[in-house]
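Architecture and fold: a report
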Amino acid sequence: MNRRILAAALLAALAVRPALADNFGGFQQFADRDSLKPFARDLGGVLGSATFHSGRVLGFSGFDVGPRMGMLFYPSKGNKIMRNNGVKGFGMPWFQAEVGMPLRIDGFIRGASFEGLTVAGGGLRLGIFKGTDKPWSPHFLLSASAHSAVHQHFSATQVGHNWVLSSGLPRFVLFGGGGFDWTRLVARASALDPALAGATVTVFEPRGTVGLKVKPFDVDPQSKAWNWLNFFYLSGAYVYTHGQSGAEAALGLRF
């Protein structure tokens, strides 16, 4: 029953809009020089979310595909661009595909278009040592990612790096990671301050993540018609970055 409840909660999180108000629609009306850095911190915190859900690489020819979501529960105190526009919790969903390569390296790409913001990104993961399938065997990897985001009123570049550790049993895995987000924001237009067009800010913030990945289906391996269900997983995690709390979720098919 607990697995079914977790599965329903994560599926709902992936399907529902992270905010009732337009996440990015207040930029032209409320952006000023003091609000650019808080906005960039929050944007970078979302873009850097949900890039991992395990410390174990896929292995050569492995594949993982599915939707992801990252969000912060509240905009930063100085982020008047969102706060003045009525935004509470905010975030972004995207679709991600991963592939295992030789030398314990994974590559992944992802992208989305959401509320006027178009994002394309990807990255690499490196397995530090070859893990085993024994229960509670530790797995450790390094992850690096980069994203480009374009909106009518601003553009951004985000680079992230994480150290990820995980361990668990065949049906569930505990994972955690620490790292940073570097974000560069360029303003394009602001009705509040027309001179803001072209203004650029750069922020560098730490990130911490703790989460759980589960395989909700426990199908009889002798039932070949349904074996593929065993490759599905759900994951959810708590995120803390630049003094803000958030969450991330993933639904995927990994084999």
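Residues numbered from 1 in each chain as written. Predicted model: local features only at pLDDT ≥ 70, side-chain atom pairs only at ≥ 80, totals over all residues. Heavy atoms only, no water.

Side note on the overall build of the chain
- Helix and strand counts for the chain come out as four helices and ten strands.
- In the chain, the succession of helices and strands from N to C terminus is α-α-α-β-α-β-β-β-β-β-β-β-β-β.
- When the 255 residues of the chain are sorted by exposure, 51% land in the buried category.
- Taking contacts inside the chain between residues at least 6 apart in sequence as the whole, the part at least 24 apart equals 64%. (Helix = DSSP H or I, 4+ residues; strand = E, 2+ residues; numbered from the N terminus. Buried < 20%, exposed > 50% of the residue type's maximum accessible area, 1.4 Å probe, protein only. Contact = heavy atoms within 4.5 Å.)

Description of the confidence of the model for the chain
- Taken over all residues, the pLDDT of the chain has a mean of 88, while the share at 70 or more is 88%.
- Low pLDDT, under 50, characterises residues 4–20; the stretch is placed with 29 contacts to residues that sit more than four places away or in other chains. (pLDDT = per-residue confidence, 0-100.)

A look at the packing of aromatic side chains
- Applying the stated criterion across every chain, the model contains nine aromatic pairs.
- With a centroid separation of 5.0 Å and an interplanar angle of 40°, the aromatic rings of Phe-27 and Phe-154 are classed as tilted. Taken together, the residues span a long stretch of sequence, with Phe-27 in helix 2 (residues 27–30) and Phe-154 in strand 6 (residues 154–169) at a distance of 127 residues.
- A residue is classified by how much of its surface remains accessible, and Phe-27, at 0% relative accessible area, is buried.
- Each ring, one from Trp-136 and one from Phe-172, has its centre 5.8 Å from the other, and the planes form 75°; the classification is edge-to-face. Here Trp-136 is found in the loop between strand 4 (117–127) and strand 5 (139–150), whereas its partner Phe-172 is found in strand 7 (residues 172–187), with 36 residues between them in sequence.
- With a relative accessible area of 45%, Trp-136 lands in the partly exposed category. (Phe/Tyr/Trp six-rings, centres within 6.5 Å; stacked < 30°, edge-to-face > 60°.)

Comments concerning the environment of Ser-61
- Checked against the element boundaries, Ser-61 lands in the loop between helix 3 (33–47) and strand 1 (63–72).
- Spatially, the C-alpha atoms of Ser-61 and Val-99 are 6.5 Å apart, while their sequence positions differ by 38 residues.

Here we look at unusual backbone geometry
- In the Ramachandran plot, Leu-103 falls in the positive-phi region, its phi being about 65° despite a non-glycine side chain.
- Note on placement: Leu-103 falls in the loop between strand 2 (90–101) and strand 3 (105–114).
- One non-glycine residue, Arg-104, lies in positive phi territory at about 55°.
- You can see Arg-104 is positioned in the loop between strand 2 and strand 3.

Here's the deal with the sheet that holds strand 6
- With antiparallel pairing, the ten strands of this closed barrel are ordered in space as 1-2-3-4-5-6-7-8-9-10. The mean inter-strand angle of the sheet, taken between neighbouring strand axes irrespective of direction, is 20°.
- With 16 bridges joining them, strand 6 and strand 7 adopt antiparallel strand pairing. If you follow Leu-165 over to strand 7, its bridge partner there is Gly-176. (Pairing = 2+ DSSP bridges. Axes fitted to C-alpha atoms, helices over the stretch in contact; angles between N-to-C directions.)

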